Amino acid sequence: MKSQNNIREMIQKKSHSGSSLSDKIVPIILATIAAISILTTIGIVITLLTETITFFTRVPISKFFLETDWNPFSSTPKYGIWALILGTLNITLIATILAVPVGIGAAIYLSEYASKRARKIIKPILEVLAGIPTIVYGFFALTFVTPVIRAIFPSISSFNAISPGLVVGVMIIPMIASMSEDAMSSVPDKIREGALGLGSTKLEMILKVILPAATSGIMASIVLAISRAIGETMIVSLAAGSSPSFDLSLTHSIQTMTAYIVQVSQGDATNGSDLYYSIYAVGFTLFIFTLIMNFISQMITKRFREEY
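Below you will find a few notes about this structure. (Residues numbered from 1 in each chain as written. Predicted model: local features only at pLDDT ≥ 70, side-chain atom pairs only at ≥ 80, totals over all residues. Heavy atoms only, no water.)

Moving on, we get to the overall build of the chain. When its secondary structure is counted, the chain shows 13 helices and 2 strands. Principal-axis analysis of the C-alpha atoms places the extent of the chain at approximately 90 × 60 × 30 Å. When each of the 308 residues of the chain is scored for burial, the buried share is 38%. Put simply, 72% of the contacts in the chain that link residues at least 6 apart link residues at least 24 apart. On the chain, roughly 17,300 Å² of surface is accessible, and the fraction owed to carbon and sulfur atoms is 67%. Measuring between centres, the 22 positive side-chain charges of the chain sit 10 Å from its 18 negative side-chain charges. (Helix = DSSP H or I, 4+ residues; strand = E, 2+ residues; numbered from the N terminus. Buried < 20%, exposed > 50% of the residue type's maximum accessible area, 1.4 Å probe, protein only. Contact = heavy atoms within 4.5 Å. Areas by Shrake-Rupley, 256 points an atom, 1.4 Å probe, with all protein chains shown as cover. Lys, Arg positive; Asp, Glu negative; His and termini not counted. Charge placed at Lys NZ, Arg CZ, Asp CG, Glu CD.)

See below:
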């Protein structure tokens, strides 16, 4: 008992004694880093918002959101954002159709079928695929994927939505595969053993037990990958073209929101002109899209999260 009291006294003396210099400085440094991150985000939002408001003082917001023609370079400029939004959604849809089944299939294989050796080989390859610069993907789409598609379907334009859509899908496969595999691997082995012990085949166990249990992580990976596809820039700038149009055709040149920002940022806009401020209006619209996708991801994660 006496020894316990002595230990308590030592702890109290230590806690009340003067802290070392590092104990005082480290919290300040960490708080500063956190504050820089928050202030940077606030600065980006304020910049986008103020410049977008300036744009809408010159161009009616009704024309921006209700019209479908986008031609800001003509003598009578038209700023119907839906032409750019539809082009962005076309690319995103093609990418999602390719990436979701391939990414989830790769995750199932890595989590449930692959040996440790195969996992050690495949995982780094997926990580390398995720680390390739998007400009490289863009040239790959333009110089390889597009000629292959045109060799099969000659009527397709040199700039189209299919080629960049497929390559964007390849780019986001590692994100879906990695996050989904992590979600499946987090399902306890006792659940697998219980399903197999009740007579399920391995495929039935995966489809009826593992996938439902990992739904939260899988859906979050899909939503984040879609958000990444919406914001992709270089691939669509190189391979999709620069002709915004309000239609669902995938075989001719289109333009996405990010591609328009790149086009105008190359020097076509005079500082202070309507064309210049339109960059921020499109950027703010893109920001709203990605923000909504992030909120959806968080809602899905909370709604379907399973704790073991």
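Moving on from the coordinates now.
Glancing now at the nonpolar core. W70, I104, M184 and V282 are the most contacted members of the largest nonpolar core, which has 66 residues in total. Elements supplying a minimum of two residues to this core: α4 (82–113), α6 (134–152), α7 (162–185), α9 (202–213), α10 (215–230), α11 (234–239), α12 (257–265) and α13 (274–304). Per element, the largest residue contribution to this core is 11 residues, and it comes from α4. The contacts of W70, once residues within four sequence positions are left out, are F64, K78, Y79, G80, I81, A83, L84, P244, Y260 and V282. Formed by 5 residues, the second largest nonpolar core is a distinct cluster that contains A114, A118, L126 and A177. (Core = buried A, V, L, I, M, F, W, Y, C linked by side-chain atoms within 4.5 Å.)

On to the packing of α4 against α9. Look at α4 against α9: their axes get within 12 Å of each other, and the N-to-C directions meet at 110°. Taken together, the axis directions place α4 and α9 in an arrangement best described as roughly perpendicular. Relative to α9, α4 is oriented so that their crossing is right-handed. In this structure, α4 contributes I108, E112 and Y113 to the contact, and α9 contributes K202, L203, M205, I206, I210 and L211. Classifying every residue of the contact of α4 with α9 gives 7 nonpolar, no polar and 2 charged. (Axes fitted to C-alpha atoms, helices over the stretch in contact; angles between N-to-C directions. Parallel < 35°, antiparallel > 145°, perpendicular 65-115°, else oblique. Left-handed = near helix turned anticlockwise from the far one by under 90°. Nonpolar A, V, L, I, M, F, W, Y, C, P; charged D, E, K, R; others polar.)

This part covers the packing of aromatic side chains. Evaluated as defined, the whole model comprises 13 aromatic pairs. With a centroid separation of 6.2 Å and 35° between ring planes, the pair formed by F56 and F65 is classed as tilted. Relative accessible area serves as the criterion here: at 22%, F56 is assigned to the partly exposed category. Look at Y276 and Y277: their rings are 5.2 Å apart centre to centre, the planes differ by 75°, and that puts the pair in the edge-to-face class. (Phe/Tyr/Trp six-rings, centres within 6.5 Å; stacked < 30°, edge-to-face > 60°.)

Next up on the list: the packing of α4 against α7. At their nearest, the axes of α4 and α7 sit 6 Å apart, and the two run at 35° to each other. Judged by the twist between their axes, the crossing of α4 over α7 is right-handed. Of the residues belonging to the contact of α4 with α7, the class tally is 22 nonpolar, 6 polar and 2 charged.

The quantities given are spatial measurements derived from coordinates; they are silent on function.
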